[in-house]
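A closer look at the structure
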Amino acid sequence: MGLRLSALAPVGLDVDIIIGSTPPHSASANPTLRVGFSCPLSLTTIPTLMASNSKSFSHLFETNVAPRPLEAASIQGKVDSLTSDITGVKSQLERLRRELGRLETRRDGYQAVLSPLRRMPLEILGEIFLTILAGIDPEKSKRFKDVTLIDLCLVCRAWRNAALATPRLWNFLVLKMLPRRALRHAAVSHWFSRSGVASKTLYIYGYSHGPCDSEGPEGCDFANVGLVKLLTEGTQLGHLFLRCASPQCFRNLIDLMKRAVETRKPRPWDTIKSLKFVFTCDWNEPPSLSESIFLHIPSSVTTLHLFLPPYNDLQMSEDNLNLHIPESILSNLTTFTLECDWSGTKICKILQLCKNVENLTLDFGFAEVPFNDDLPYITEVYDAGLLLPKVTTLRLHHLPPHLIYILNFLKTPMLVELDLSLSNFAKSPAPCADLEEVTDIICLALVSFSDSVRTHRKLRLHAMKLTKTQINLLFNGLKRLSHLTFDNVWFDGSVFRDILHEQWDLLGRHPALPSIETLELLNLPIDFPLRYLKQYVEERSFLEASDSTCLKKVVATYQEYDCPITSEDATYKMEHCPVEFRVGFVKSGSE
């Protein structure tokens, strides 16, 4: 006979009571009472369980009375029994967790099969890969683009097919040259064959850390037969980057190319459009122009980037530094970048031959570049000016503040864009904190320069600290400016509040930047108040609503570390305001 009691159901306990005789084969014929418990136990149910099954122990649960020895022994037995039950439950739970994990893994595997990524067109994947590689600068990143591309191809067959179907992914390659190790030019040509008709870029890095002429051509990274075959028999190149220890490395390469048997014309070397030289540690150019390495630059080159070793690293006198670039080469250029901290005389003599250059970048490396005023040539340049008739974009980077007067003698009648960068500080203005007098001169020079060049429309200032007075001087003096960028410029943001209180002219135009259409404030310091800029933009857009040359776009970016702006600021939208207003974040340390 069996009986189920449900009185203990509230605590999750089922009690089965079976009363009857033992089976015939049992040794005992006495009636038996068997009580079975089946319940999930928890700390909250144990006191209830004890109270409901052992009324004799109820006083122990309701008071702090110590149990008697017999009671303690009975209770300890119950504890041991429950502990055994708990251990069994835990074991079952662990087994169930493992089973749950296996089931979830299987489910995720099946779910991945249904992922939309598996149906994504190869063209879209290719564009994603292009975006990934676009953020890698081969001259600054420790990881080259081509290595990243190979990693993408190794993910799966679909990704590899997407990469192979995107020719623009394969128009870039970085080679590390090692002495006495031949370059596999056939492998390079095969890589570039995947790029189709896209213009191709080849970076060649030499890793010798000293002058190679002392070791002879055999020990030079660029005395490489495979490299010679690549430049004389390989695929056509658009841009070539050469990083070598000294001019002798390039001379060794040219000598080998002269001895090579020409199997095709024109050679890849003869069709290069853009050429970049980086000389790292030595300079051994001969004094005669007829022996200059630059005579071997192909006539097809229209873009030249030349980075010379720092003067302090050369341990040579200025008189022994020979720099001869033929006029025939310079007159072909439309884009020219020169990174040089040698004498101003050498720099000016090169610039004087840049008659067709449209985009000019001069990088002084923060060095105190000497312009010897007592030399007749420099005196003549100061008096007559240095004419750059076709320059539309001028960039002066890492400019020592005392060289701002270079704007006085660079005559650029067609200039549209000026980019001026002083010291490169990202998180603190300390390096420029004591330059207030110098920045006064800089602001006056910029206003004077912009006033004299009627085509000037764009200005970028980088890495400066400006006072309110200097900001007002710039804003009120740059009358024709349509695009202004402050990048990592430290100034008091409340100056925008002060500007709003200035008087408008009779034509209804504000005296501060009257022609401005785009205003960019990039890499702002963490405490820059955005509210004054908002008020300025709103007020100006309301009063200039009918002006076709009114402010149209404002961009503000904070440095990525510890940015204080709120989410309300970041999503700020001005109602009834036609100005595009964007707030973002960037990594600190931009140049």
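Residues numbered from 1 in each chain as written. Predicted model: local features only at pLDDT ≥ 70, side-chain atom pairs only at ≥ 80, totals over all residues. Heavy atoms only, no water.

1. A few points about the overall build of the protein chain
Filter applied, for reference: The secondary structure listing takes helices from DSSP runs of H or I that are at least 4 residues long and strands from runs of E that are at least 2 residues long, numbered from the N terminus. Partly exposed residues are those whose accessible area sits between 20% and 50% of the maximum for their type, while under 20% is buried and over 50% is exposed, using a 1.4 Å probe and protein chains only. Residues count as neighbours in contact if any of their non-hydrogen atoms are within 4.5 Å of one another.
Across its full length, the protein chain carries 19 helices and 19 strands. Burial analysis of the protein chain (591 residues in total) assigns 44% to the buried set. Restricting to contacts in the protein chain with at least 6 residues of sequence separation, those with at least 24 account for 75%.

2. Some remarks on the side chain of aspartate 341
As a reminder, the rule being used: In protein, a polar contact means a hydrogen-donor-capable atom and an acceptor-capable atom, both N or O and within 3.5 Å, with residues adjacent in sequence counting only if both atoms are side-chain atoms; elsewhere, any N or O pair within 3.5 Å suffices.
Among the structural elements, aspartate 341 can be located in the loop between strand E9 (335–339) and helix H12 (344–351). A polar contact is formed between the side chain of aspartate 341 and the backbone nitrogen of tyrosine 311, at a distance of 3.0 Å.

3. Re the packing of helix H15 (residues 436–452) against helix H16 (residues 468–477)
To keep things clear, this is the line we draw: Structural elements are reduced to axes, namely lines fitted to C-alpha atoms, with helices fitted over the stretch in contact, and the angle between N-to-C directions of any two is expressed from 0 to 180 degrees. We call two directions roughly parallel when the angle between them is under 35 degrees, roughly antiparallel when it is over 145, roughly perpendicular when it lies between 65 and 115, and oblique otherwise.
Axis separation between H15 and H16 bottoms out at 9 Å; the angle between their running directions is 5°. Compared by their axis directions, H15 and H16 come out roughly parallel. Within the contact between the two elements, H15 uses Glu436, Thr439, Asp440, Cys443, Leu444, Leu446 and Val447 and H16 uses Gln470, Leu473, Leu474 and Gly477.

4. What to know about the packing of H12 against helix H13 (residues 376–384)
Heads up, the condition is: Crossing chirality is assigned from the near helix's rotation relative to the far helix, an anticlockwise turn below a right angle marking it left-handed and a clockwise turn marking it right-handed. Residues are grouped as follows: Ala, Val, Leu, Ile, Met, Phe, Trp, Tyr, Cys and Pro are nonpolar; Asp, Glu, Lys and Arg are charged; every other residue, Gly included, is polar.
Running from N to C, H12 and H13 point in directions that differ by 55°, and their axes come no closer than 10 Å. Here H13 runs oblique to H12, going by the angle between their axes. Of the two possible hands of crossing, H12 and H13 adopt the one that is left-handed. Contacts between H12 and H13 involve Gly344, Thr345, Cys348 and Lys349 on the former and, on the latter, Tyr377, Ile378 and Val381. In terms of residue class, the contact of H12 with H13 is made up of four nonpolar, two polar and one charged.

5. A look at the environment of leucine 253
With respect to the helices and strands, leucine 253 occurs in helix H9 (residues 247–259). Residues leucine 253 and valine 228, 25 residues apart in the sequence, show an inter-C-alpha distance of 7.1 Å.

6. Here's the deal with H16
For H16, the set of buried residues is Gln470, Ile471, Leu474, Phe475 and Gly477. Elements that come into contact with the buried residues of H16 comprise H15, strand E15 (458–465), strand E16 (483–490) and helix H17 (495–500).

7. A word on a nonpolar patch on the surface
Let me state the cut-off plainly: What goes into a patch is any residue over 30% in relative accessible area without a salt bridge, connected to like charges within 9 Å or, for nonpolar side chains (Val, Leu, Ile, Met, Phe, Trp, Tyr), within 5 Å. Here, Shrake-Rupley sampling with a 1.4 Å probe gives the accessible areas, and only protein chains in the shown set may cover a residue. Definition used for salt bridges: Asp or Glu carboxyl oxygen within 4 Å of a side-chain nitrogen of Lys or Arg.
Residues Val89, Leu93 and Leu96 make up a contiguous nonpolar surface patch of about 250 Å² in total accessible area. Counting through the fold element by element, leucine 93 comes out in helix H3 (residues 69–113).

8. What about helix H8 (residues 225–233)?
Turning to H8, its buried residues are Gly226, Leu227, Val228, Leu230, Leu231 and Thr232. Where H8 starts, the residue carrying a side-chain oxygen 2.9 Å from the main-chain nitrogen of glycine 226 turns out to be asparagine 224.

9. Observations concerning the pattern of salt bridges
Following the criterion strictly, the structure yields 13 salt bridges and no others. Here arginine 168 and glutamate 127 are joined by a salt bridge, their closest N and O atoms 2.6 Å apart. Of this pair, arginine 168 sits in the loop between helix H6 (157–164) and strand E4 (172–177) while glutamate 127 sits in helix H4 (residues 122–134); the two residues are 41 residues apart in sequence, bridging distant segments of the chain. The class for arginine 168 is partly exposed, based on a relative accessible area of 47%. Taking relative accessible area as the criterion, glutamate 127 reaches 40% and is therefore assigned partly exposed. Measuring nitrogen to oxygen at the nearest pair gives 2.9 Å for the salt bridge that ties aspartate 487 to arginine 460. Note that aspartate 487 is positioned in strand E16 and arginine 460 in strand E15, a separation of 27 residues in sequence. Accessibility expressed as a relative area gives 6% for aspartate 487, which makes it buried.

10. A few points about the packing of aromatic side chains
Aromatic ring pairs are reported here in terms of the distance separating the ring centres and the angle at which the planes meet. Selection rule: Pairing of aromatic side chains requires ring centres within 6.5 Å, counting the rings of Phe and Tyr and the six-membered ring of Trp. Pairs whose planes differ by under 30 degrees are stacked, by over 60 edge-to-face, and all others tilted. Only Lys NZ and Arg CZ are tested; either one counts as a charge over a ring when it is within 6 Å of the ring centre and within 35 degrees of the ring normal.
Within the structure shown, the criterion is met by 21 aromatic pairs. Taken together, a centroid distance of 5.5 Å and an interplanar angle of 10° make the contact between phenylalanine 277 and phenylalanine 279 stacked. Of the two residues examined, phenylalanine 277 and phenylalanine 279, each falls in the buried class. With a centroid separation of 5.3 Å and an interplanar angle of 65°, the aromatic rings of phenylalanine 491 and phenylalanine 528 are classed as edge-to-face. Of this pair, phenylalanine 491 sits in the loop between E16 and H17 while phenylalanine 528 sits in the loop between strand E17 (518–524) and helix H18 (530–543); the two residues are 37 residues apart in sequence, bridging distant segments of the chain. Residue phenylalanine 528 is classed as buried on the basis of its relative accessible area, which comes to 5%. Three or more aromatic residues joined by ring pairs form one cluster here, namely Phe250, Trp269, Phe277, Phe279, Trp283, Phe294 and Trp342. The ring of tryptophan 170 has arginine 194 sitting right over it, with the charged end atom 4.6 Å from the ring centre. A cation sits over an aromatic face here: lysine 349 above tyrosine 377, 5.4 Å from the ring centre.

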